[in-house]
Every structure is written in structure tokens, then in C-alpha cells.
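These are the residues of each chain, in order.
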Amino acid sequence: MDKPDPTRQAKTRTIKESLSREERQKQLEFQREAVVHLNALYNYSLHLTMNPSDAEDLVQETYLKAYRFFNSFERGTNCKAWLFKILKNNYINRFRKNSKEPGKVDYDLIKDFYHSIKDTRNDTSETDSDYFHSLLHEEVYQALHSLPEEFREVIQLCDIEGFTYEEIANMVESPIGTVRSRLYRGRKLLRAQLEEYAKKYGFNNDNDNDQ
Amino acid sequence: MNCKKAGVLISACVDGELSLSEERDFLLHLSECSECRGEYEDAKKTKMIIREKIIQFKAPETLMISIMQLTSFNTKEHEESLLYE
Ligand SMILES: [Zn+2]
């Protein structure tokens with residue numbers, strides 16, 4: 001039963017041989033450079049669309065386009081940043097230009113996502129008295145999403161994805177100074193929001209041990 | 001540098017995005033001003049909290065598979081899938 005099927009082997013070989021050497025090289029490089037960022041792209045897409053099936057479509061489209069134009073990717077630059085930019089453009093074309101609404105924002109689903117993960121409240125080595133550490137994943141998520149999009153976007157790209165200001169500026173097509181001031185203002189708003197949650201949390205949880 | 005000027009630079013300093021001269025002036029101010037030092041520590045924590053608490057999901061396996069297929073198609077099939085788009 002384990003005997004290799006000779007016809008099948010032959011078939012595989014023909015397919016492989018029909019690929020040009022350059023094409024195979026391109027595939028390997030693409031996997032190494034681009035496909036490794038799949039999880040990051042999926043999460044970014046999820047943040048933009050707030051809808052898992054739209055998010056998947058967007059990622060698919062992005063990789064198709066990226067593969068097609070892979071030759072225009074400037075070698076040695078940040079491939080993740082390049083992919084993010086393609087995804088963002090796709091998102092705009094798909095949902096904004098046609099003023100077509102993205103799929104329904106699925107807050108319940110996002111909530112479920114978050115509930116499915118056990119919250120680890122005491123998982124850091126920082127001081128226990130720190131109010132930040134009492135915050136739940138879901139609260140931080142909501143705080144981030146309560147920000148106007150232009151602020152949320154740069155915070156996400158900077159803090160979660162670790163892009164430089166220059167890379168972000170290129171992605172959002174604004175000067176570096178704008179990125180810098182959006183981060184400054186966005187973080188101020190975000191902190192106010194987080195403090196609000198922390199206060200509520202402290203107030204509602206008198207019975208928790210206050211270690 | 002006064003507190004107002006320093007306050008604007010905190011965010012960029014946390015990201016390591018100040019110019020050399022800005023950074024020098026900013027750090028000098030921090031060394032003299034405990035209030036701005038506190039702000040700076042809070043800003044660092046806010047960044048950390050976003051990193052730590054925003055959960056990164058794994059892409060669904062079906063998505064992973066279809067992306068992998070993208071790069072193992074033979075050329076003809078690949079062209080077709082692009083046209084289909
Ligand atoms: Zn000061």
C-alpha cells in the first residue's frame with residue numbers, strides 16, 4: 001500500500017519541471033520573506049475590518065498582489081512594511097473608495113476571541129501596585145478601538161508591529177512629523193481611557209486581593 | 001528645555017525616534033525634573049501594556065494553506081488564479 005504510485009510520481013515531476021528556475025527561486029524567496037509575516041498581516045487585517053472573513057479575504061488578496069509584484073519589492077528593505085502597505089491599500093480600495101461598508105463589525109466575536117484566552121493578571125514581574133497590570137486584554141483592546149482611526153492606526157503600527165516612524169509615514173502616506181504628533185496625541189487619549197478602565201476596575205473589585 | 005517642550009518629546013523618546021540633539025536636551029531635562037520623569041515612565045508603561053495586552057491571533061490554518069499554495073502552484077495555474085481574481 002505504501003508503494004509509490006509510479007504514474008503519480010511522474011505527474012509530480014512534470015509539474016515541477018514546468019516551473020522555470022526563476023519561478024522556483026521566486027517562490028522560495030517569497031516564502032522566506034513574505035509568508036513568514038502571515039500572522040501579523042492577519043491581525044492587522046482583523047483590526048481594520050473587525051470581521052474574520054473580510055480579514056481573510058484581504059490577506060489573500062494582499063498575498064496574491066504581493067506575489068505578482070514581488071519583483072518590485074526593494075530587496076533589503078522591510079518586507080513586512082511593504083506587505084502592510086499593500087494590505088492597507090487593498091482595504092481602502094475595497095471598503096472606502098466604493099464607500100462600501102465593510103462586513104458588520106462583529107464585537108461579539110472579538111469579545112469571544114478575548115474570552116477564549118485565559119487572562120493572566122499576574123504574569124509580569126513589574127510592581128504589583130501598578131494599575132496598568134490590573135487591566136484586562138479586552139479592556140485594552142476596547143480602549144484602543146475607542147480612539148479615532150488615525151490615532152489607533154499609528155499606535156498599532158508602532159507599538160504592536162514595531163515599525164519605525166519612517167516606515168509608518170510611508171504606510172499612511174503622511175510626513176514623519178505627522179506620525180510623531182499623532183502618536184503623541186493618540187497616546188494621551190489612550191492613557192486617559194486606560195486610566196478610566198483602571199479606576200472602574202479598582203472600584204468594582206474591592207473583594208479581589210489587592211496584592 | 002521647559003516641561004511643555006519636554007512633554008511633546010516624551011512619546012517619540014519612548015520609541016527611540018528623537019534626533020541626537022533633541023534626545024540630549026530631553027534627557028538633560030529629565031535629570032532635573034521629577035515630574036517629567038514620572039510622565040516618561042508612564043509613557044513607557046503605556047507602550048508596554050499595548051504590546052502585552054493586545055492579543056495576536058494565529059491565522060486560520062485554511063488561510064495558511066491557501067497562501068502556501070499560492071507559492072507552490074506551477075506558473076500556469078498561478079496565472080489563472082490571478083485572472084480569476
Ligand atoms: Zn519637566
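Residue numbers restart at each chain and count upward from 1, following the sequence in its written direction. Chain labels run from A onward and ligand labels from 1 onward, assigned in the order the entries are written. Reporting in this predicted model follows two pLDDT cut-offs: at least 70 for local features of residues, and 80 or more for side-chain atom pairs to be given and counted; totals over whole chains, interfaces and linings ignore these cut-offs and use all residues. With hydrogens and water excluded, all non-hydrogen atoms of the structure serve as input to the side-chain values.

**Concerning the overall build of chain A**
By the criteria applied, helices consist of DSSP H or I runs no shorter than four residues and strands consist of E runs no shorter than two, each listed in order from the N terminus. Within chain A, the regular secondary structure consists of ten helices and zero strands. Helices and strands appear in chain A in the N-to-C order α-α-α-α-α-α-α-α-α-α. Any two residues whose heavy atoms approach within 4.5 Å at even a single point are treated as in contact. Considering only contacts in chain A between residues 6 or more positions apart, those separated by 24 or more positions represent 65%. On chain A, roughly 12,300 Å² of surface is accessible, and the fraction owed to carbon and sulfur atoms is 48%. Using the Shrake-Rupley algorithm and a 1.4 Å probe, accessible areas are obtained, with residue cover drawn only from the displayed protein chains.

**Some words on the packing of helix α8 (residues 149-160) of chain A against helix α9 (residues 165-172) of chain A**
All names here are of chain A. For every element, the axis is a line fit to its C-alpha atoms; helices are fit only across the contacting stretch, and the angle between N-to-C directions ranges from 0 to 180 degrees. The contact between α8 and α9 brings their axes to 10 Å, and the two run at 140°. Between α8 and α9, the interaxial angle falls into the category oblique. Handedness of the crossing formed by α8 with α9: right-handed. Residue-level contacts link Glu153, Val154, Leu157 and Cys158 of α8 to Tyr165, Ile168, Met171 and Val172 of α9. Charged means Asp, Glu, Lys or Arg here, nonpolar means Ala, Val, Leu, Ile, Met, Phe, Trp, Tyr, Cys or Pro, and polar covers whatever is left, Gly included. Here the residues of the contact of α8 with α9 sort into seven nonpolar, no polar and one charged. Roughly parallel here means an angle under 35 degrees, roughly antiparallel means over 145, roughly perpendicular means 65 to 115, and every remaining angle is called oblique. For any helix crossing, the convention is left-handed if the near helix is rotated counterclockwise from the far helix by under a right angle, and right-handed if that rotation is clockwise.

**Regarding the coordination of the zinc ion**
Residues and elements named next belong to chain B. Of the protein atoms, only Cys3 (SG), His29 (NE2), Cys33 (SG) and Cys36 (SG) coordinate the zinc ion, at distances of 2.1 to 2.3 Å. Any nitrogen, oxygen or sulfur atom within 2.8 Å of a metal ion counts as a donor, with the limit raised to 3.2 Å for Na, K and Ca, and since water is left out, coordination shells can look unfinished. Square planar and octahedral sites, with four and six donors, are those where opposite donors lie more than 155 degrees apart and all other angles lie between 65 and 115, tetrahedral sites have four donors with every angle between 85 and 135 degrees, and the rest are irregular. Seen from the zinc ion, its four donor atoms lie at angles of 100 to 115°, and the figure they make is tetrahedral. Spacing between the donor residues of the zinc ion along the chain follows C-x25-H-x3-C-x2-C. Here His29 lies in helix α2 (residues 20-32) and Cys3 lies in helix α1 (residues 3-14), a separation of 26 residues in the sequence. Throughout, exposure labels follow a simple rule: accessible area from a 1.4 Å probe, protein chains only, divided by the maximum for the residue type, with under 20% read as buried, over 50% as exposed, and the rest as partly exposed. Among the residues examined, Cys3 registers a relative accessible area of 40% and is labelled partly exposed. Its relative accessible area of 7% is what places His29 among the buried residues.

**Examining helix α3 (residues 38-49) of chain A**
Residues and elements named next belong to chain A. Expected span, for any helix, means 1.5 Å times one less than how many residues it has. The end-to-end C-alpha separation of α3 is 16 Å, in line with the 16 Å expected for twelve residues at 1.5 Å each. For α3, a buried count of eleven out of twelve residues is recorded, marking the element as mostly surrounded by other parts of the structure. Inspection of α3 places Leu38, Ala40, Leu41, Tyr42, Asn43, Tyr44, Ser45, Leu46, His47, Leu48 and Thr49 among the buried residues, and these make up the whole buried set. Phi turns positive one or two residues past the end of α3, at Met50, with a value near 60°.

**Notes on helix α2 (residues 21-33) of chain A**
For α2(A), which comprises 13 residues, the first-to-last C-alpha distance of 18 Å matches the rise-based estimate of 18 Å (1.5 Å per residue) to within 8%. When we look at burial in α2(A), the residues that qualify are A:Glu23, A:Lys26, A:Gln27, A:Glu29 and A:Phe30.

**Comments concerning the nonpolar core**
Nonpolar side chains in soluble globular proteins tend to end up buried together. For the purposes of this section, nonpolar cores are sets of buried Ala, Val, Leu, Ile, Met, Phe, Trp, Tyr and Cys residues that join through side-chain atoms within 4.5 Å. With 75 residues, the main nonpolar core has A:Tyr63 and B:Phe26 as its most contacted residues. Ranked by residue count, the leading element in this core is helix α5 (residues 79-97) of chain A, at nine residues. Domain assignment of the residues forming this core places at least three in each of domain 1 (9-99) and domain 2 (102-203) of chain A. An automatic or database domain assignment provides the domain bounds reported here.

**A word on the confidence of the model for chain B**
Residues and elements named next belong to chain B. Averaged over every residue, the pLDDT of chain B is 85; residues scoring 70 or more account for 84%. Looking at the elements of chain B, mean pLDDT is at its lowest for helix α5 (residues 75-84), recorded as 49, and at its highest for α2, recorded as 95. Predictor confidence is given residue by residue as pLDDT, running from a minimum of 0 to a maximum of 100. Of the regions scoring below 50 in pLDDT, residues 74-81 engages in eleven contacts with residues more than four places distant in sequence or in other chains.

**A word on the pattern of salt bridges**
Salt bridge criterion: a side-chain nitrogen from Lys or Arg within 4 Å of a carboxyl oxygen from Asp or Glu. Scanning the entire structure with this criterion turns up 15 salt bridges over all chains. For A:Asp159, the salt bridge goes to A:Arg187, with nearest N and O atoms at 2.7 Å. One end of the pair, A:Asp159, is in helix α8; the other, A:Arg187, is in helix α10 (residues 176-204), and 28 residues separate them in sequence. Across this residue pair, the class does not change: A:Asp159 and A:Arg187 are buried. Across the salt bridge formed by B:Asp42 and A:Arg191, the nearest N and O atoms sit 3.1 Å from each other. Highlighted residues: B:Asp42 in helix α3 (residues 34-53) and A:Arg191 in helix α10, drawn from two different chains. Note on B:Asp42: relative accessible area 21%, which makes it partly exposed.

**Focus on the environment of B:Ile55**
Counting through the fold element by element, B:Ile55 comes out in the loop between α3 and α4 (61-70). With a relative accessible area of 13%, B:Ile55 lands in the buried category.

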